[in-house]
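Examination of the molecular architecture
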Amino acid sequence: MSSNASMAKRAPSSWSVRAYLRRLATGDVVAHMVTLIFAASIVLIATLLVFQLWNNSAASRQQFGWGFWTTQTWDPVFEHFGALPFIYGTLVTSVLALIIAVPLGLAAAIFLAELSPRVISDKVAFLIDLLAAVPSVIYGLLGIFVVVPLMRTTIGPALKDAFGFLPLFSGPNYGVGFLTAGIILSIMVVPFIISVSREILLTVPREQREAALALGATRWESTWKVVIPWARTGITGSIFLALARALGETMAVTMVIGNDPKIRDSLFAPGYTIAAVIANEFTEATGKLYLSALIELGLVLFLLTFILNGMARLLILATETDRGRAS
Amino acid sequence: MRIVKVLGMLAALLMFGTAATAADGQVLLNAAGATFPYPIYSKWFNDYHQMHSAVQINYQSIGSGGGIQQLKTGTVDFGASDMPLNDKLLGMFNQKILQFPTVLGAVVPTYNIPGVSAELKFTPQMLADIYLGKVTKWNDKEITSANPGVQLPGNDIVVIHRSDGSGTTFVWTDYLSKVSPAWKSQVGSNTSVNWPVGLGGKGNEGVAGLVKQTPNSVGYVELIYAIQSHMGYGLVENSAGKFIKASLASVTDAASGAAAKMQKDIRISITNAPGLQTYPICSFTYLLIPSKIADSTKRDVIKTFLRWMLTSGQDMVESLNYARLPKAVVAIEMKQLAQVQ
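Analysis parameters
- Residues numbered from 1 in each chain as written.
- Chains lettered and ligands numbered in written order.
- Predicted model: local features only at pLDDT ≥ 70, side-chain atom pairs only at ≥ 80, totals over all residues.
- pLDDT = per-residue confidence, 0-100.
- Contact = placed C-beta atoms within 7 Å.
- Pairing = 2+ DSSP bridges.
- Helix = DSSP H or I, 4+ residues; strand = E, 2+ residues; numbered from the N terminus.
- Axes fitted to C-alpha atoms, helices over the stretch in contact; angles between N-to-C directions.
- Nonpolar A, V, L, I, M, F, W, Y, C, P; charged D, E, K, R; others polar.
- Expected span 1.5 Å × (residues − 1).
- Buried ≥ 20, exposed ≤ 12 C-beta atoms within 10 Å, placed from the backbone.
- Parallel < 35°, antiparallel > 145°, perpendicular 65-115°, else oblique.
- Left-handed = near helix turned anticlockwise from the far one by under 90°.

Scored by pLDDT, chain A comes out at a mean of 89, with 93% of its residues at no less than 70. Note that residues 1-9 of chain A has pLDDT below 50 and, in this model, zero contacts with residues that lie over four places away or in other chains.

Written out as structure tokens, the structure reads:
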């Protein structure tokens, strides 16, 4: 009985070792371990980042507490720091960028995936991928030399004539400000939206379109009512990618936003973003509180990105279940 | 991201540091700090290496704040700063730090008023009031009375300042704090301040670009930048009541005017210095040297280098448009050099 049991125990273990070795040889386990380590490293990097930001911002967190989020002053001389104008600037420029870039990018992606001949579509897609690789300082220069003068002499006055009664388009127009930064950001993020959305649209199965057409839908109806809803999650993903890039953009924004940490209604007014102020002031910042306030700004940006992403994901989840119930 | 970058830099420096002691006969020094004097520092370190092939000095121009941080953590042998370290900052070090002025720089007002080609004259009060947002139009009495005969428009003044932390901003705000009590109490001086009005441009080129593009604007840039990019700039009234156009000579003059006071404290600010021909908005840039250097080879190299920099090294600075140190200041620094042990 006992020898039987020990035999039974031994047999499967030697068998499983051999199986393990065989699986190792065929690469399954190795692949599993390597990919697991890589996936874990992402979590590790994010954790380390937050840990560092949290630790190094201790002085500022103790001094200002939650008030840091709602204070409007940024005064390195008297060491009084608040993040609100930077949060405002970051949100306004990113939202502006998306308002401009999403319709533009989506329309372009639909054309490239659904309507244009494949040859043209592939060539244009190549160009768009090139655009996504242009360094941001180049976009900043483009902003300074082209968009800013255009804003001051043409776009700004035209908007003022048309919508001057709104506080959004009133006040002095220097050429630099929220709107210019939003425009530059939209140019920077639009390649992401086009490129990713086009790929997603191309993966929608042919049968889906054909079925819609067979039911008597027009080309446009099949695109709008069948293809887009099918690709919706992927398209939203491309918009997140664009938003993330817009939130964290530094160089191009600081070159055209005017760098003035104040909250103003007008889109023509100069503003400031979190990423821009960190890049501008970190190298020359002296003193513990000043440095730690700048690092806390980094923490704020991290949390802001986290919250926005979370909210957007919840939104998708909500609409998904809605759709599920409807159908 | 920034932290990761800094950590990477630290790691690289540490590796350099250990490699340096390993090589025999070679002395490798690491330094980091201010960007403003980077061109002359790299020329000095390079020329010195040509003369003494065993000595190599690596200088990372990562900004004064970064230089101070790295000196504090001991990752560099010496630092560099555009702003003299005050007692509070010095208190953060666990050793005594000596500050050696190396060259002089100046900051000049620049402007763009369509239809005005004359060189404008700026009084100290006028500059402070413009930057405080009290004087808002170019034809304000304060401006026109200093500039008789110049036809100034009634347009709004667009004030432009640096957005990045910089020694230039420190000098500019230090000067405004000296000449205007209102500025001192409301804004004060630092590498970045809470500007009451205006737009921020990144770097000298950012300010210059904004001024060039924005009609009716006024800004400030380093003298070197203005000279190299052939920009026009205004005259500023000095403490003797004369309007001076900044030049390398008038900047060195300001330093000799202040030399007497530097005997007591080498960190004395030389903005608004006395003297008939002195330009009022200028400052030193400093090397930060620990007073105790344990490694005797490194100590000797640093001391020899400093001596060379203060004597023959000074003959090179004007070719790069920096103003040289006056003799009186060199003498004071030679004396301070003896304190490095």
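Picking up after the structure, the text goes on.
Let us look at the sheet that holds strand 7 (residues 199-201) of chain B. Residue and element names in this part refer to chain B. If you trace the eight strands from one edge of the open sheet to the other, you get 2-1-3-11-4-8-6-7, paired in mixed fashion. Two strands lie at the open edges of the sheet, namely strand 2 (55-60) and strand 7, each paired on one side alone. Strand-to-strand twist in this sheet, taken as the mean axis angle between neighbours without regard to direction, amounts to 25°. Note: strand 1 (residues 27-33) against strand 3 (residues 78-81), three bridges, orientation parallel. When the sheet's bridge partners are listed, G33 is paired in strand 3 with A80. Against the sheet, helix 11 (residues 248-262) engages strand 4 (97-112) and strand 11 (282-290), with an angle of about 135° to strand 4.

Right, let's get into the interface of chain A and chain B. Counting residues at the interface gives 28 residues for chain A and 30 residues for chain B. Here the residues of the side of chain A that touches chain B sort into 14 nonpolar, 10 polar and four charged.

Along its 17 residues, helix 11 (residues 232-248) of chain A runs 25 Å from first to last C-alpha, staying within 8% of the 24 Å computed at 1.5 Å per residue. Every buried residue belonging to helix 11 of chain A is among I235, S238, I239, A242, L243, A246 and L247 of chain A, and all of these are buried.

Here we take up the sheet that holds strand 5 (residues 121-122) of chain B. All names here are of chain B. Here we have three strands laid out as an open sheet, ordered 5-9-10, and mixed in their pairing. Each edge of the open sheet carries a strand with a single partner, namely strand 5 and strand 10 (243-244). Sheet topology note: the strand 5/strand 9 (residues 235-237) ladder contains two bridges and is parallel. By the bridge assignment, K121 is partnered in strand 9 with L235.

The next point concerns the packing of helix 6 (residues 118-132) of chain A against helix 8 (residues 178-202) of chain A. Residues and elements named next belong to chain A. Remark: helix 6 packs on helix 8, axes separated minimally by 9 Å, with the N-to-C direction vectors making an angle of 140°. Accordingly, the angle class assigned to the pair helix 6 and helix 8 is oblique. Between helix 6 and helix 8 lies a crossing of left-handed hand. Two secondary-structure elements touch here, helix 6 through A125, I128, D129, L131 and A132 and helix 8 through P191, F192, I194, S195 and R198. Residues of the contact of helix 6 with helix 8, tallied by class, amount to seven nonpolar, one polar and two charged.

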